[in-house]
Structures are given as structure tokens and as C-alpha cells.
Amino acid sequence: MFYVKEKVSPSLDVTVEIHDDNVFCTCPECGCEVEIDLAQLFSDGEGDLYGTSVFCRDCSKSKLEALRK
Ligand SMILES: [Zn+2]
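First things first, this report covers the structure right here in the doc. What you see is a predicted model; the values in this text were computed from it and never measured.

With that settled, the discussion passes to the layout of surface pockets. Of the voids in this model, the largest pocket is the one considered here, and its volume is about 160 Å³. By residue class, the composition of the lining of the largest pocket is eight nonpolar, two polar and one charged.

Have a look at this one:
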């Protein structure tokens, strides 16, 4: 089991288990919330929690379409 731990105040820690359905990031294009599959994100061996951003489905689609033009 993996979890994140954050000290909210000197007397309070918040611990949240990481599952495949509770990890999110913000789409760098439109700012909406994107659900992340960490296993998939790191499956290429080059995952980087700081340097990686994930576009939402709509933005990925329009980016792909722009590339094809
Ligand atoms: Zn987006």
C-alpha cells in the first residue's frame, strides 16, 4: 500500500492511500481535473512527478489533431 502524508498542523497528519482512482493532476491547457493512472504514467520508466503533466482527453485530442494538420 502506498499513501501520501501531509502535515496539516503540528498535531495533525493527513494520510491518504493511493489507489488507481484517486490520483489527479490539472490539465496544463484548460485547467480541468484529469484522473491519472500512475502505473501507466510510469510504465515507460521515465515518469517524473515534477516534469510530467497530463492533458485532459479533450485537449489531448485537439493537440493530436493539430499535429496531423
Ligand atoms: Zn484540458
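Once that is clear, we can look at a nonpolar patch on the surface. A cluster of nonpolar residues, Val4, Val8, Leu12, Val14 and Val16, forms a patch on the protein surface that exposes about 380 Å² of accessible area. Sorting the residues of the nonpolar patch by element identifies β1 (3-9) and β2 (12-17) as the ones contributing at least two each. At three residues, β2 tops the list of elements feeding residues into the nonpolar patch. Residue position: Leu12 is located in strand β2. You can call Leu12 partly exposed: its relative accessible area is 44%.

Attention shifts here to the pairing of β2. Of the strand pairs in this sheet, β1 and β2 are connected by six bridges, and their pairing is antiparallel. Residue Lys5 lies in a different strand from β2, and its bridge partner there is Thr15. Hairpin connection of β1 to β2: two residues between the antiparallel strands.

Cut-offs used in this document
Residues numbered from 1 in each chain as written. Predicted model: local features only at pLDDT ≥ 70, side-chain atom pairs only at ≥ 80, totals over all residues. Heavy atoms only, no water. 1 Å grid on protein atoms, 1.4 Å probe; cavity = no way out; pocket = protein on both sides within 12 Å on 5 of 7 lines; lining within 4 Å. Points joined across faces, edges and corners; volume = space filled by probe spheres on them. Nonpolar A, V, L, I, M, F, W, Y, C, P; charged D, E, K, R; others polar. Patch = residues over 30% accessible without salt bridge, like charges linked within 9 Å, V, L, I, M, F, W, Y side chains within 5 Å. Areas by Shrake-Rupley, 256 points an atom, 1.4 Å probe, with all protein chains shown as cover. Salt bridge = Lys/Arg side-chain N within 4 Å of Asp/Glu carboxyl O. Helix = DSSP H or I, 4+ residues; strand = E, 2+ residues; numbered from the N terminus. Buried < 20%, exposed > 50% of the residue type's maximum accessible area, 1.4 Å probe, protein only. Pairing = 2+ DSSP bridges.

In short, the description is geometric, and any link to function would need to be established separately.
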